[in-house]
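# Coordinate analysis (summary)
Residue-level listing of the chains:
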Amino acid sequence: MIKRLVALAAVAVSLHGGAQAQEPIKIGLLTIDAGPFAVYNNYVTQPAELAVETFNARGGALGRKYEIVVQSHSGPPASAVSSATKLAQQGGVSFMSGINTSALAGAISPKLAGLNALWFDTGSSLSDLTGKLCQPNYFRTSASDGILMTMVRAALMDSKIKTWNLIMPDYSAGHEQAKSFTALVHEMGGSVQTTLFAPLSTTDFGSYISQLNAKPADGLVVFFSGSSSVALAKQQQQFGLFSKYKQVLSWYFANDMTLPAMGDTINGVFSVMSYSWDMPGEKNAAFVKAFEAKFKRKPTFGDADNYVAYELLHAAILKAKSTDVDKVRAALSGLKASTILGDVEMRATDHQLVRPMVLAQVLPGKDGKSVMGLKFVESAQKVTPPPSGECKF
C-alpha cells in the first residue's frame, strides 16, 4: 500500500483469487485541491472508479487487476509536475491522467519520457500540444482547439449570426481560441466587435459585463470554466447581459458539471462540447445506465472524456499483451477502438484522438431545473482537421 497516495484502492477488489497474487496495474490520477478547478475532482475520480470497477469485474488485463492511485496538488504547473513525478517515482505508476489545463499539460508533457510514463490528457485544448510541442508519451482524448473550431464552424452556420462579442480567459488557450474564432468569423463574412480577456480566477465580472452591455453585438461568445464560470453566469443575470444578445454561444462554459450551481441563469445558451449523455450508441447507453446507478447523476463530458482514456488504455494493454510503457505506447499509436463515443482513432501522427463532438443547449427542465439538451452530433471524420505537420516524434 502506498502511503498518502492511494485514495481509491477499494476499486481494485479482486474477483479472481489467482490474479490477486500479482501486482495491480496502477493508474495515476492527478486532482487539484485549490482554485477554480477544484470543483472538477469528482469528474475525474468517479469515471476512473467506474472504469476500473468495470474492467476488474471482467478479469482486469493480463491476469492483473487495475488500481487507481490519486495524488492531489494545489494547481500551478510546478505542483502538477511534482505530483506526476511523485506518482511515477514513489507510486509505481506508468500511466497517468487527471484534471488538466493547457498550462499543466505543457509542463507535464516534456517530463514524461524521463518518468517512463504515458499521460492521457482529458482536459486541455491547446493545439500546439499535438503540434510543435508534441511528445511521444503524451496522448489527448479531449478536443484540440482545431477540433473545437471546426465544431464551432458548424454551430455558426446553424446560427446565421454575423456580429459577435467575446469574453475569454486571459491565458494561452483563451487567447488562441479568441484568435481562431475571430479568423473563422471573418472567413464566414462576419465580424468581431469586442474581445475581452479576464483572469481565469476572476470572481467579480462587473466591469466586463458593463463593457459588453454597452455595445452588444448580435452574438456573444463565452469561454470560461470552473468556479469563475458560475460567478459570471450569476452576475450577468443581474445585469441582463445574455438577454441583450440574439444568441450566446460557448464551449464548455455551459455544461452539465456547473449547471446545477448556475441554475436558470444560462437558459438558452448554446454550447459546443465533446459529449452529451444522450448521444446514440449501445455502449454509451450502457455507460450512462451504470454511471447513473453508481453515482446518482448523469455523466458529463468530463466523465466521458476521462472514461474513454481508460477504455483506450485497456485496449492498448490487451493489444500489446504487456504493460511495458514502450509496448503500450506503440499499441496506442494509431489504435482504433469502439468506445462510449462510438468508433474512435488515436491518430499515430500526433496522438490526438479523432472523435465526434456535439452542440447542446441549456433548456428548462420539467422539474424546474435546467438541463443540457442535445442539438446535433458531428462525426469524428467531419469535425477533426488534419494534423498540422508540426509534430515530430
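Residues numbered from 1 in each chain as written. Predicted model: local features only at pLDDT ≥ 70, side-chain atom pairs only at ≥ 80, totals over all residues. Heavy atoms only, no water.

### With respect to the packing of aromatic side chains
Scanning the entire structure with this criterion turns up 14 aromatic pairs. Both rings, one in Phe55 and one in Tyr66, keep their centres 5.9 Å apart while their planes meet at 55 degrees; by these two values the pair is tilted. Of the two residues, Phe55 sits in helix α2 (residues 42–57) while Tyr66 sits in strand β2 (residues 66–73), which places them eleven residues apart along the sequence. Just as Phe55 is buried, Tyr66 falls in that class too. Taken together, the ring pairs in this structure connect Tyr275, Phe287, Phe291, Phe295 and Tyr307 into an aromatic cluster. The ring of Trp277 is capped by Lys298, whose NZ or CZ atom sits 4.1 Å from the centre of that ring. (Phe/Tyr/Trp six-rings, centres within 6.5 Å; stacked < 30°, edge-to-face > 60°. Helix = DSSP H or I, 4+ residues; strand = E, 2+ residues; numbered from the N terminus. Buried < 20%, exposed > 50% of the residue type's maximum accessible area, 1.4 Å probe, protein only. Lys NZ or Arg CZ within 6 Å of the ring centre and 35° of its normal.)

### Thoughts on the sheet that holds strand β7 (residues 191–198)
The strand order β7-β6-β8-β9-β10-β14-β15 describes an open sheet built from seven strands, whose pairing is mixed. With one partner strand each, in any of the chains shown, β7 and β15 (370–378) form the two edges of the open sheet. Taking each pair of neighbouring strands and ignoring which way they run, the sheet shows an average axis angle of 20 degrees. (Pairing = 2+ DSSP bridges. Axes fitted to C-alpha atoms, helices over the stretch in contact; angles between N-to-C directions.)

### Some details on the layout of surface pockets
Considered as a void within the structure, the largest pocket measures approximately 500 Å³ in volume. Lining the largest pocket we find 17 residues, and of these Asp256, Leu259, Pro260, Ser370 and Val371 sit closest to its centre. Mapped by element, the contributors of at least two residues to the lining of the largest pocket are α10 (259–262) and β15. Ranked by residues supplied to the lining of the largest pocket, first place goes to β15 with three residues. Size it by volume and the second largest pocket reaches roughly 360 Å³. Lining the second largest pocket are 24 residues, and of these Ser127, Ser144, Asp145, Gly146 and Pro385 sit closest to its centre. Breaking the lining of the second largest pocket down by element, the ones donating at least two residues are α6 (145–159) and α7 (172–187). (1 Å grid on protein atoms, 1.4 Å probe; cavity = no way out; pocket = protein on both sides within 12 Å on 5 of 7 lines; lining within 4 Å. Points joined across faces, edges and corners; volume = space filled by probe spheres on them.)

### Quick notes on the side chain of Thr54
Inspection of the secondary structure assignment puts Thr54 in helix α2. Overall, the relative accessible area of 18% leaves Thr54 in the buried class. Within the local environment of Thr54, its side chain forms a polar contact with the backbone oxygen of Leu50, the two atoms lying 2.8 Å apart. (Polar contact = N/O pair within 3.5 Å; in protein donor to acceptor, adjacent residues only side chain to side chain.)

### Some points on the sheet that holds strand β13 (residues 353–354)
Reading across the sheet, the three strands line up as β11-β12-β13 and stay open at both edges, with antiparallel pairing between neighbours. Each of the sheet's edge strands pairs with one partner strand only, and the pair in question is β11 (336–339) and β13. By the bridge criterion, four bridges tie β11 to strand β12 (residues 342–346) in an arrangement that is antiparallel. In the strand pairing of β12, Lys336 is matched with Glu345. Where helix α12 (residues 301–320) meets the sheet, it contacts β11, β12 and β13, and its direction lies at approximately 130 degrees from that of β11. (Contact = heavy atoms within 4.5 Å.)

### Describing the nonpolar core
Counting 129 residues, the largest nonpolar core has Trp164, Phe181, Leu249, Trp251, Phe253, Ile266 and Val272 as its most contacted members. Looking at this core, the element that brings in the most residues is α12, giving eleven residues. Those residues in contact with Leu249 that lie beyond four places of it in its chain are Val152, Ala155, Leu156, Trp164, Phe181, Leu220, Val221, Val222, Phe270, Val272 and Leu359. (Core = buried A, V, L, I, M, F, W, Y, C linked by side-chain atoms within 4.5 Å.)

### Topic: the pairing of strand β6 (residues 163–169)
Counting buried residues along β6, seven of its seven residues qualify, which places the element largely inside the surrounding structure. In the sheet, β6 pairs with β7 via seven bridges, with the strands oriented parallel. The residue bridging Trp164 from the neighbouring strand is Val192, located in β7. Pairing analysis gives four bridges linking β6 to strand β8 (residues 219–222), with the strands arranged parallel. From the neighbouring strand, Asn165 faces β8, where its bridge partner is Leu220.

### A few points about the environment of Lys336
Along the chain, Lys336 turns up in strand β11. The spacing of Lys336 and Asp326 is ten residues in sequence and 18 Å in space, taken between C-alpha atoms. With residues near it in sequence (within four places) discarded, Lys336 still touches Val344 and Glu345.

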